[in-house]
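Here's the letter readout for the chains.
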Protein chains: 2
Amino acid sequence: MKTKNNNLITLEEFKEKNYGKRGTKQRDELEAGYENFKIGVLLHEARLEKGLTQEELASKTGTTKSYISKIENNIKEARISTLQKIVELGLGGKLELSIKL
Amino acid sequence: MKTKNNNLITLEEFKEKNYGKRGTKQRDELEAGYENFKIGVLLHEARLEKGLTQEELASKTGTTKSYISKIENNIKEARISTLQKIVELGLGGKLELSIKL
DNA sequence: AATATGGTTTCTCTAAAGGACAACAATTAT
DNA sequence: ATAATTGTTGTCCTTTAGAGAAACCATATT
């Protein structure tokens, strides 16, 4: 039996790693949804929920795990169309975008 | 008195022009929210609500009206960060993004 | 007819970013 | 210890965003 979620870090660990502990400015802004888009967190979260590795997600989408990693860590800003592809083909989900006035 | 909304085409006209009349495949997909993001429509709609011209929106954002036009017509795919800038600085709104699983 | 306004389209150009590949680090299992 | 799995990071090449300016079209106004 193939063990899943072996080395998958938790969302909390991920957030702390990238944005610091709760209580710090950056982290609070993230939780509140302010600041720049942290699409990486969204994607990371969604991937965890599906129990997929970066590699699995990548292969489903025709991209690479390194690229997935960079998106999740906000090192690269993926195109909307690319995000869409990843979310739909890779996660079977839907990317939603709206403008609040 | 400066007349506003002179030559602003309506959203319906805009959609019909770019995606065809209601009942056509492409247009129906648009209305249903499927297919690629029609972020252009969202932006166009938001701009109309604010009663701004492309030029006004452009100058507030430090970009050009030709660029705004291209985004609205899905000729260029704006970066998320750029969209954010336009929505926040230009329209005083907020760009929202989410992943639905 | 001419002028003004709003929008579309075409062109050129360059700095920036997308995205792939491979090597690397870190954790866990054997 | 070592091998396997997951994720990160450095390098590299190619594509494109986005600026800038211009011409063009449509509609409305004088």
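Residues numbered from 1 in each chain as written. Chains lettered and ligands numbered in written order. Predicted model: local features only at pLDDT ≥ 70, side-chain atom pairs only at ≥ 80, totals over all residues. Heavy atoms only, no water.

### With respect to the interface of chain A and chain B
Alright, step 1. Between chain A and chain B, the contact holds 28 residues from the first and 29 residues from the second.
Alright, step 2. A combined buried area of about 2800 Å² lies between chain A and chain B, and 65% of that area is made up of carbon and sulfur atoms.
Alright, step 3. There are two salt bridges connecting chain A and chain B.
Alright, step 4. In this structure, Lys100(A) and Glu96(B) form a salt bridge, with 3.0 Å as the shortest nitrogen-oxygen distance.
Alright, step 5. Linking chain A to chain B there are 10 residue pairs in polar contact (both at pLDDT 80 or more).
Alright, step 6. Mapped by element, the contributors of at least two residues to the side of chain A that touches chain B are α3 (39-50), α6 (80-91) and β1 (94-100) of chain A.
Alright, step 7. Here the side of chain A that touches chain B gets seven residues from one element, more than from any other, and that element is β1(A).
Alright, step 8. Sheet topology note: the β1(A)/strand β1 (residues 94-100) of chain B ladder contains seven bridges and is antiparallel. When the bridges of β1(B) are listed, Lys100(A) appears paired with Lys94(B). (Contact = heavy atoms within 4.5 Å. Buried area = accessible area lost by both parts, 1.4 Å probe. Salt bridge = Lys/Arg side-chain N within 4 Å of Asp/Glu carboxyl O. Polar contact = N/O pair within 3.5 Å; in protein donor to acceptor, adjacent residues only side chain to side chain. Helix = DSSP H or I, 4+ residues; strand = E, 2+ residues; numbered from the N terminus. Pairing = 2+ DSSP bridges.)

### Overview of the pattern of salt bridges
Residues and elements named next belong to chain B.
Alright, step 1. Enumeration over the complete set of coordinates arrives at four salt bridges over all chains.
Alright, step 2. We note a salt bridge from Glu 72 to Arg 47, for which the minimum N-O separation is 2.6 Å. With Glu 72 in helix α5 (residues 65-72) and Arg 47 in helix α3 (residues 39-50), this residue pair connects regions lying 25 residues apart in the sequence.
Alright, step 3. Residue class for Glu 72 comes out buried when judged on its relative accessible area of 1%.
Alright, step 4. The class of Arg 47 is buried, set by a relative accessible area of 3%. (Buried < 20%, exposed > 50% of the residue type's maximum accessible area, 1.4 Å probe, protein only.)

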